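Descriptive structure summary
Spelled out from the first residue to the last, the chains are:
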Amino acid sequence: MNINRFFANTANANVDTGRRTFLKVATAGSAGLTLGISLSAGAQAQATAASVADTALEYNAFVSITPDNTVRIYIKHLEMGQGVYTGLATCVAEELDADWAQIVCEHAPVDTAKYANLLMGQQGTGGSTAMANSFMQLRRAGAAAKAMLVSAAAQRWQVSADEISVRDGVVSHGSHSTTFGELAMDAAQQTPPANDSLVLKTPDQFRLIGSESTLRKDVGKHDGTAIYTQDVQLPGMLTAVVAHAPRFGARVRSFDASAALARKGVRQVFEIDTGIAVVADDYWSATKGRELLQIEWDESRAETRSSNTLLQQYRDLLDTEGAIAEQHGNATATLADASDKVELVFEFPYLAHAQMEPVNCVAQVKGNSAELWYGCQSATGDQMAVAQLLGVQPQDVKINTVFAGGGFGRRANPMADYVLEAVRIARQLPDTPVKLVWSREDDMQGGFYRPAYAHKLSAALNSQGKPTAFQARIAGQSIMAGTSMAAMMVSNGIDNTSVEGLTEFSYDIPERRVELHTTEVGIPVQWWRSVGNTHTAFSKEVFIDALARNAGIDPVEYRLSLLANNPRETAVLKLAAEKAGWGTKELPAGWGRGVAVHTSFGSTVAEVAEVSVQGNSFKVERVVAAIDCGIAVNPSIVRAQVEGAIAYGLSAALQDELTLTDGIVDQSNFHNYQVLRMNAMPVIETHILPSTNAPSGVGEPGTPPIAPAVANALADATGQRLTRLPLKLA
């Protein structure tokens, strides 16, 4: 979701034989220190300590230390491969001066009052905010725990706390030394330090933050012991699948379940709001039962337009004035009077999230309460949605968060779609745990896509070929309309996520105007990795590149001339260009080089792409990326995230396209929605701009620049200016 504007404990769960105990927590018999940090709106920290013997999580606890010398850190964000376990644990361990080997991470329970994302006001993971909102909060938690350990040691040894040192999990003074575990009970009795008394390290004192040697803490993925939703097994658990309508908006008119119910293993078949649920002993029986259903759909309110029809309607809208999203000066008049102007039209298809693990959820409804197990990305939203559905209080809905196999925004569904679907099914089987499973086909054809868009960009040029006026018109669906975030993100009919990246323009152009046509279409949409920047960065950077070549000026130099008042993008662009050998390294015949720079989620990324072309086919050979993301807490994870973001963006640039024919999605699996293959992956170099600023987003900012960088490289190699994604040479 867009953040640019405002930048666990479980029970009764077992896993398959041979896997580790499901989300172990400190037992009641292991007394020790549990520390919590609570931040008010003004980011004031408080610390509180309690014995684990009394409660494992006492008032917003982030850190617990037990006598066995384990430092357990409760992670308030979903670990779905982005490395948040490691990053947040690094912040705690740095200020605690713990031994990295003694750190254990665990998802925190869902409790908005304690674990809210400080940039969102609710507990959730998204917008590349996990590190940005937690950096100081978790460092303070580590510093407060360290202060309490030192205070306990000072009392025990009758020495001054100022004379005590802490390193690698050992507290020392002269001939005295002890471990955190040995001090845990005494430390729990200390008065928590006041926030203004906490002394945090300066960047030059960091030993873990910025280190290349910290091993990841989301362990078990290499040997199959990590727990995902599919691994959850509960006594008496059943499996459910749902038959959804082939067209969005259609409803069940009638159905015949007799053949399905005759199938061995099928327990129940019934209608829910989203289709027909088939509940069985196992997934195979459920899917086979679903295949035997006879369903008649009422399509009187269904969306029946094809994607090509929609895009033509969008193109037509670009010839009419839209709602004004941003205006500086009188760009319309300047463009009307200009003798030299450039205009380009861009098209973007619907995109599926295509995360490796399709959505799924285990739910159990008991009386006036519910318990769920899944990779929960939108904790507050999901909890409230389930509570509203069941007519209970949010605290009556317990969510146990497990690892998720990617998300890219899909798991943070604003309607809690698949979560509510699981609860609706479980509600029909009281006290019985039910695992709802969406297949790849269900996920691909189930809606909630990155919307399709069309853009028209226009510029009036002076005698040097520089823009004096700029206008952008955008047509497409709003991802915020109808959601709980609309009040915050939609103003005067403008969904900020539709225009971000073209509003608050990075290039210095005196007169600017951005217009938006928000379309009404019955295809469910939601945020996708980097949200609106996925399309606005492409049109912006391809357009600027076209202006540069139109003026006969080197594309990097042209950009730099328009970024004179933007030192951050200037520095990142220069770094990427230098490392790529821009202007100094000659390319082989038939190759081209292109560049793009964009700021999103608080970070700036520049990427230089090199392509080789043969006929009407091409290959991206090399990508050089530079990023300014503030302090790089874990440089190796930053590089991995940038590389992953580039791969994800390349998929969309080269081949991803979700189409509809008469309202029915054409794609179903990876054979016809082909994500990037290994043989198409380029060599990637990632360079991190040194910084002492607070961390900003990393997971998403690497995606927006790659498609325009490749398009610009193709223009360099072939002279063809491609303005439609995915990219195809004539």
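Now for a look at the structure at hand. Note that this is a predicted model, so its numbers are computed, not measured.

What to know about the overall build of the protein
Helix and strand content of the protein: 18 helices and 32 strands. Taking 730 residues into account, the globule formula puts the C-alpha radius of gyration at 27 Å, and the protein, at 27 Å, falls close to it. C-alpha extents for the protein along the principal axes are approximately 85 × 70 × 45 Å. For the protein, with 730 residues in total, the buried portion stands at 62%.

Some remarks on the sheet that holds strand 19 (residues 369–374)
The strands making up a sheet associate through hydrogen bonds between their backbones, and the pairing can be parallel or antiparallel. Pairing in this open sheet of seven strands is mixed, and the strands run 13-14-11-21-18-19-20 from one edge to the other. A strand with exactly one partner marks an edge of an open sheet, and here the two such strands are strand 13 (266–272) and strand 20 (397–401). In this sheet, adjacent strand axes meet at a mean angle of 25 degrees when their direction is disregarded. Where strand 19 and strand 20 come together, five bridges link them in parallel fashion. In the strand pairing of strand 20, Glu371 is matched with Lys398.

Notes on the sheet that holds strand 8 (residues 170–173)
Reading across the sheet, the three strands line up as 7-8-9 and stay open at both edges, with antiparallel pairing between neighbours. Only two strands of the sheet have a single neighbouring strand rather than two, namely strand 7 (165–167) and strand 9 (176–179). For this sheet, the mean inter-axis angle between neighbouring strands, taken without regard to orientation, is 20 degrees. Alignment of strand 8 against strand 9, held across four bridges, turns out to be antiparallel. By the bridge assignment for strand 9, His173 is matched with His176.

Structural notes on the pairing of strand 8
Remark: a regular strand shows side chains that alternate across the two faces of the sheet. Here strand 8 shows a buried face lined by Val171 and His173 and an unburied face lined by Val170 and Ser172. Note that strand 7 and strand 8 share three bridges and pair antiparallel. Residue pairing in the sheet places Arg167 in a bridge with Val170 of strand 8. A loop of two residues connects strand 8 with strand 9, the two strands running antiparallel in sequence, and Gly174 in this loop sits at a positive phi of about 55 degrees.

What about the environment of Trp528?
In this structure, Trp528 sits in the loop between strand 26 (511–518) and helix 14 (533–551). As for Trp528 and Asp99, which are separated by 429 residues in sequence, their C-alpha atoms are 37 Å apart. If near-sequence neighbours (up to four positions away) are discounted, Trp528 is found in contact with Leu351, Ala352, His353, Phe408, Arg450, Thr534, Tyr648, Ala652, Glu700 and Thr703. Of note is the side chain of Trp528, whose polar atom sits 3.3 Å from the side chain of Tyr648.

As for the state of the cysteines
Chemically, a disulfide is nothing more than a covalent bond linking the sulfur atoms of two cysteines. On inspection of all chains with the given rule, the structure shows zero disulfides. Left without a disulfide partner, Cys105 is nearest to the cysteine sulfur of Cys91, which lies 11 Å away. On the accessibility criterion, Cys105 (13% relative accessible area) is buried. This cysteine, Cys629, is not joined by any disulfide, and Cys91 carries the nearest cysteine sulfur, 12 Å off.

Here we look at the side chain of Glu326
With respect to the helices, strands and loops of the structure, Glu326 is situated in strand 16 (residues 323–328). Glu326 gets classed as buried once you look at its relative accessible area, which sits at 15%. Of the polar contacts made by the side chain of Glu326, one reaches the backbone nitrogen of Glu504; its length is 2.9 Å. Setting aside its immediate chain neighbours within four residues, Glu326 contacts Leu502, Thr503, Glu504, Phe505, Arg512, Arg513 and Val514.

Some remarks on the pattern of salt bridges
For the structure shown, the criterion picks out 45 salt bridges. Between Arg410 and Asp417 there is a salt bridge, with its nearest N and O atoms 2.8 Å apart. In this structure Asp417 comes out as buried when scored by relative accessible area, which is 13%. Residue Arg473 pairs with Glu515 through a salt bridge whose shortest N-O separation is 2.7 Å. Of the two residues, Arg473 sits in strand 23 (residues 467–476) while Glu515 sits in strand 26, which places them 42 residues apart along the sequence. Across this residue pair, the class does not change: Arg473 and Glu515 are buried. Because the salt bridges share partners, they merge into one network encompassing Glu94, Asp97, Lys146, Arg167, Asp168, Lys201 and Arg207.

Considering the packing of helix 9 (residues 379–390) against helix 10 (residues 417–427)
Contact geometry for helix 9 and helix 10: axes closest at 10 Å, N-to-C directions at 35 degrees. Crossing geometry of helix 9 relative to helix 10 is assigned as right-handed. Taking contact as the criterion, the partners of Asp382, Ala385, Val386, Leu389 and Leu390 in helix 9 are, on helix 10, Val419, Leu420, Val423, Arg424 and Arg427. Of the residues in the contact of helix 9 with helix 10, the class split is seven nonpolar, no polar and three charged.

Cut-offs used in this document
- Residues numbered from 1 in each chain as written.
- Predicted model: local features only at pLDDT ≥ 70, side-chain atom pairs only at ≥ 80, totals over all residues.
- Heavy atoms only, no water.
- Helix = DSSP H or I, 4+ residues; strand = E, 2+ residues; numbered from the N terminus.
- Rg over C-alpha atoms; globule rule 2.2 N^0.38 Å.
- Buried < 20%, exposed > 50% of the residue type's maximum accessible area, 1.4 Å probe, protein only.
- Pairing = 2+ DSSP bridges.
- Axes fitted to C-alpha atoms, helices over the stretch in contact; angles between N-to-C directions.
- Contact = heavy atoms within 4.5 Å.
- Polar contact = N/O pair within 3.5 Å; in protein donor to acceptor, adjacent residues only side chain to side chain.
- Disulfide = S-S within 2.5 Å.
- Salt bridge = Lys/Arg side-chain N within 4 Å of Asp/Glu carboxyl O.
- Left-handed = near helix turned anticlockwise from the far one by under 90°.
- Nonpolar A, V, L, I, M, F, W, Y, C, P; charged D, E, K, R; others polar.

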